[in-house]
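For reference, the chains in residue letters:
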Amino acid sequence: MAIFYSNARFFKLWLKPLLLLCSLWPIFAMAQTWPGKQPIKLVAVFPPGGSVDQVSRIIAPVLSQQLGQSVVVENKGGASGVIGTSSVLSAPADGYTFAVVFDTHGVNQSLIPNMPYDSKRDLVPLILVGTSAMVLTANVGNEFKTFADVVAAAKAKRNVSFGTIGNGSLGHLAMALLGKNANLEFSHIPYKGGGPLMTDAVAGHVPLAIGTVFLSKPHIDNKRIRPLAVTSLKRVPEFPDVPTISETGFPGFEAPAWWAVLASSKTPPDIVKRMNDELNKVLQNPEVAQKLSAQGIELSGGSVEKAKTFIDKQIDTWAKVVRDNGIKPD
């Protein structure tokens, strides 16, 4: 009887670990065989032609070469990236479907009601690809020659209008943050994307425009619009003579655009780690670095933890701006 009790106790002692090991075995096996024979999909959460599309297509061929597996880009735009990101979360969390996102990912949680996912809980950042300054520009024919001119007009309550790529976009929130903190009065004009915004900025239909270096640089180079200030903490190589907002009387002001690659938080940890390693190698590729830099992107890279810390801070920062200014989606 004592022997039977002892054996039963021994069996119960090892049963739970054995069952746990059995339940985890498919994940271990998946991570060891990944990427297998199935193509990997990068879902660019904005339509073709924009910066998210460009980043995805710069990364994909080098990642494919490194993994020895086909990597395809699928554009799935809509709702500031929510539709594409939702599609990634609807796919199996097996390491074959990832999202390439823009800075709107850091705003959507606080701006869009009834979000179909939780941006912090349901997604894990694989890597922060890079950041870029936003550039505040003026039409070359109007009164604003410097950022100080803009501040003076806003302080005088002269209804200074600025255009952005849309309501709740980073440009909109950056100007709302600046206005709130410095008691400056601005009037926001939302456009449906960068193309219409730049068309009106060049034509002088909107006095000021704020957009990424990627969006603004061609028109600045053609001397159709004038750069007044950038939203990064340090000056950007593309416009070394253009001051930061931080150095023009608003110390510490920062509003970076950014790009990242995300996965479902249910993705096996070994695959998350492997993808982080591979994506860091991609960013270290000289051709990739040159192409992304040409888009005005300052490369970041680094660990999953670094990316998560950055993105979580963006989500928290812009949530407060949305609340404080009562900003609603279109």
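Structure first, text after, so check above.
Residues numbered from 1 in each chain as written. Predicted model: local features only at pLDDT ≥ 70, side-chain atom pairs only at ≥ 80, totals over all residues. Heavy atoms only, no water.

## Section: the sheet that holds strand β10 (residues 257-264)
Then, in step 1: In spatial order, the strands read β2-β1-β3-β10-β4-β11; together these six strands make up an open sheet with mixed pairing. Taken across any chain shown, the strands that pair with only one partner, and hence form the sheet edges, are β2 (71-75) and β11 (298-299).
Then, in step 2: With four bridges connecting them, strand β1 (residues 40-44) and strand β3 (residues 97-101) associate as parallel partners. Across the sheet, residue K41 finds its bridge partner in β3, namely T97. (Pairing = 2+ DSSP bridges. Helix = DSSP H or I, 4+ residues; strand = E, 2+ residues; numbered from the N terminus.)

## Here we look at helix α3 (residues 82-90)
Then, in step 1: For α3, every residue scored as buried is listed here: V82, G84, T85, S86, S87 and V88.
Then, in step 2: Against the buried residues of α3 lie β1, β3, α4 (105-111) and β4 (123-132). (Buried < 20%, exposed > 50% of the residue type's maximum accessible area, 1.4 Å probe, protein only. Contact = heavy atoms within 4.5 Å.)

## Points about the packing of helix α2 (residues 51-67) against helix α10 (residues 286-294)
Then, in step 1: Close contact between α2 and α10 brings their axes to 10 Å; oriented N to C, the two are set at 180°. Accordingly, the angle class assigned to the pair α2 and α10 is roughly antiparallel. Contacts between α2 and α10 involve V55, I58 and V62 from the former and V288, K291 and L292 from the latter.
Then, in step 2: Split by residue class, the contact of α2 with α10 holds five nonpolar, no polar and one charged. (Axes fitted to C-alpha atoms, helices over the stretch in contact; angles between N-to-C directions. Parallel < 35°, antiparallel > 145°, perpendicular 65-115°, else oblique. Nonpolar A, V, L, I, M, F, W, Y, C, P; charged D, E, K, R; others polar.)

## Some words on the environment of K223
Then, in step 1: Here K223 shows up in the loop between α8 (213-221) and β9 (225-230).
Then, in step 2: What makes K223 exposed here is its relative accessible area of 66%.
Then, in step 3: Between the C-alpha atom of K223 and that of V202, which follows or precedes it by 21 residues, the distance is 9.3 Å.

## A word on the sheet that holds strand β7 (residues 186-190)
Then, in step 1: Spatially, the five strands line up as an open sheet ordered β7-β6-β8-β5-β9, and their pairing is mixed. Because the sheet does not close on itself, it has two edges, and the strands there are β7 and β9. Between one strand axis and the next, the sheet turns through 30° on average, direction left out of account.
Then, in step 2: Strand contacts of α8: β5 (134-139), β8 (208-212) and β9, with the helix running at about 125° to β8, the strand carrying the most contacts.

## Considering the packing of α2 against helix α9 (residues 269-284)
Then, in step 1: As a packed pair, α2 and α9 sit with axes 10 Å apart at the nearest point and diverge in direction by 120°. Judged by the angle between their axes, α2 and α9 are oblique. In this structure, α2 meets α9 at a crossing whose hand is right-handed. Contacts from I59, V62, L63, Q66 and L67 in α2 reach R274, M275, E278, L279, K281 and V282 in α9.
Then, in step 2: Of the residues contributing to the contact of α2 with α9, the split by class is seven nonpolar, one polar and three charged. (Left-handed = near helix turned anticlockwise from the far one by under 90°.)

Read these as layout, nothing more, since geometry by itself doesn't imply function.
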